[in-house]
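Summary of the model geometry
Residue-level listing of the chains:
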Amino acid sequence: MTYWIDTHSHFADEAFQDDFLSYIHRCEEANVGRVLVMCMNRTEWETMIGWKKEYDWLDLACGYHPEDLQKLTEEDWKWLEEVVSDPRCVAIGEIGLDYHWDTSYNDLQKACFIKQLQLADTVNKPVLIHARDAMQDTYDILKAQNVKKGGIMHCYGGSAEMAREFVKIGYHLAFGGPLTFKNSVKPKETVADTAMENLFIETDCPYMAPVPMRGKQNESSYVHYVGEFMAQMKNVDEETLQKIQMEQYELLFGVKL
Ligand code: NI
């Protein structure tokens, strides 16, 4: 049996905790059989470890988001170094560069990005990359660091040309709500230009809900809208796209689906 995978969810977010089971059930109803959850701090990790005991199809990743770096303590870093060795942590993320709101600590961002890429390489796990208004720096650092397992460019918003370069150095490209927006151009060009083996779908929930839920609070079950949209674009049936993404997911994260 094939199903959809949400490769980037913030299910650990407070927005989901009060009514968590209903979000889980809606995933089951929408044939979303696997969700990769970003844990951005210790609290989120512990919350998700609790849910994973009951719902083993939740996969967990751990890493420090570029917007959170300035408040981190030495202890936070020590904790991350330990938790990435935990077999329940399948990837390091989300990590990366974000120059959109604040460029006053770009050097710190780069240093923390490199540090977390090296950590991923040490434990031989893939990385989940956030890049906003920082595509060239992100590419240069990824190329130089050469993480063996590669990873995913989450919510990819660069050009189709640049996408080819990311694929060449071992990265998949993931698309969420913006792919389905009427006015989006670059994501559609990139999906059209990229082999299905290099594409994933995601929600980035609770933000950026896809059409027809645009404007509402996003949730992982909505990833099926992105998958249906992508299957139509690639002119394949949904099962074919699901199967390819499941195979790629197994290879990348070393999990058995
Ligand atoms: Ni995210």
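Use the structure listed above.
Residues numbered from 1 in each chain as written. Predicted model: local features only at pLDDT ≥ 70, side-chain atom pairs only at ≥ 80, totals over all residues. Heavy atoms only, no water.

Section: the coordination of the nickel ion
Where we set the bar: Any N, O or S atom lying within 2.8 Å of the metal counts as a donor, and for Na, K and Ca the limit rises to 3.2 Å; water is left out, so some sites can look incomplete. Angle rules define the geometry names used: all angles between 85 and 135 degrees makes four donors tetrahedral, while opposite donors over 155 degrees apart and all other angles between 65 and 115 make four donors square planar and six octahedral, leaving every other case irregular. A run of H or I in DSSP becomes a helix once it reaches four residues, and a run of E becomes a strand once it reaches two; helices and strands are each numbered from the N terminus. Each residue gets one of three labels from its accessible area relative to the maximum for its type: buried under 20%, exposed over 50%, partly exposed in between, using a 1.4 Å probe on protein chains only.
The protein atoms donating to the nickel ion are H8 (NE2), H10 (NE2), E94 (OE) and D204 (OD), with metal-donor distances spanning 2.0 to 2.5 Å. Classification of the site at the nickel ion rests on its 4 donor atoms, whose angles at the metal span 87 to 175 degrees, yielding the label irregular. Sequence spacing among the residues donating to the nickel ion works out to H-x1-H-x83-E-x109-D. With a gap of 194 residues between them, H10 in the loop between β1 (4–9) and α1 (14–17) and D204 in the loop between β8 (199–201) and α10 (223–233) connect regions that are remote in the sequence. Taken individually, H10 and D204 each receive the classification buried, so the pair is uniform in this respect.

Focus on the nonpolar core
This is how the line gets drawn: What is meant by a nonpolar core is a set of buried Ala, Val, Leu, Ile, Met, Phe, Trp, Tyr and Cys residues, joined one to another through side-chain atoms within 4.5 Å. Residues count as neighbours in contact if any of their non-hydrogen atoms are within 4.5 Å of one another.
In terms of nonpolar packing, the biggest core is built from 69 residues, with F11, M48, L58, M153 and F166 touching the most fellow members. Counting residues per element, this core draws most heavily on helix α5 (residues 106–123), at 5 residues. The residues contacting M153, other than those within four sequence positions of it, are I129, A131, M135, T138, L142, F166, Y171, H172, L173 and A174. By size, the runner-up hydrophobic cluster in this structure holds 17 residues, among which are M38, M40, F200 and V255.

A short note on the sheet that holds strand β6 (residues 151–153)
As a reminder, the rule being used: When DSSP finds two or more bridges between a pair of strands, those strands are recorded as paired. Axis definition: a line fit to C-alpha positions, over the contact stretch in the case of helices; interaxial angles, taken between N-to-C directions, run 0 to 180 degrees.
Spatially, the 8 strands line up as an open sheet ordered β1-β2-β3-β4-β5-β6-β7-β8, and their pairing is parallel. Edge strands, defined here as strands with exactly one partner in the open sheet, are β1 and β8. Each adjacent strand pair in this sheet contributes to an overall mean axis angle of 30 degrees, direction not counted. Sheet topology places strand β5 (residues 127–132) next to β6; 3 bridges connect them, and they run parallel.

Regarding unusual backbone geometry
With an omega of 15 degrees, the peptide bond between C205 and P206 qualifies as cis. The linkage connecting V211 with the following residue, P212, adopts the cis geometry, with an omega of 10 degrees. Locating P212 in the fold gives a position in the loop between β8 and α10. For C155, which is not glycine, the phi torsion reads 45 degrees and is therefore positive. Mapped onto the secondary structure, C155 falls in the loop between β6 and α7 (160–168). Of note in this structure, M208 is not a glycine but carries a positive phi near 60 degrees. In this fold, M208 is placed in the loop between β8 and α10.

Structural notes on the pairing of strand β7 (residues 171–175)
In the case of a regular strand, side chains alternate between the two sheet surfaces. How we decide: Whether a crossover is right-handed depends on one test, that the path from the first strand over the helix to the second runs clockwise when the strands point away from the viewer.
Most of β7 sits inside the fold, with 5 of its 5 residues counted as buried. The alternating pattern of β7 places Y171, L173 and F175 on one face and H172 and A174 on the opposite face, and all of these are buried. Judged from the 3 bridges that link them, β6 and β7 form a sheet pairing that is parallel. By the bridge assignment, I152 is partnered in β7 with H172. Taken together, β6, α7 and β7 constitute a β-α-β crossover, and its handedness is right-handed. Here 3 bridges tie β7 to β8, and the two strands are oriented parallel to one another. Along β8, the bridge assignment pairs A174 with F200.

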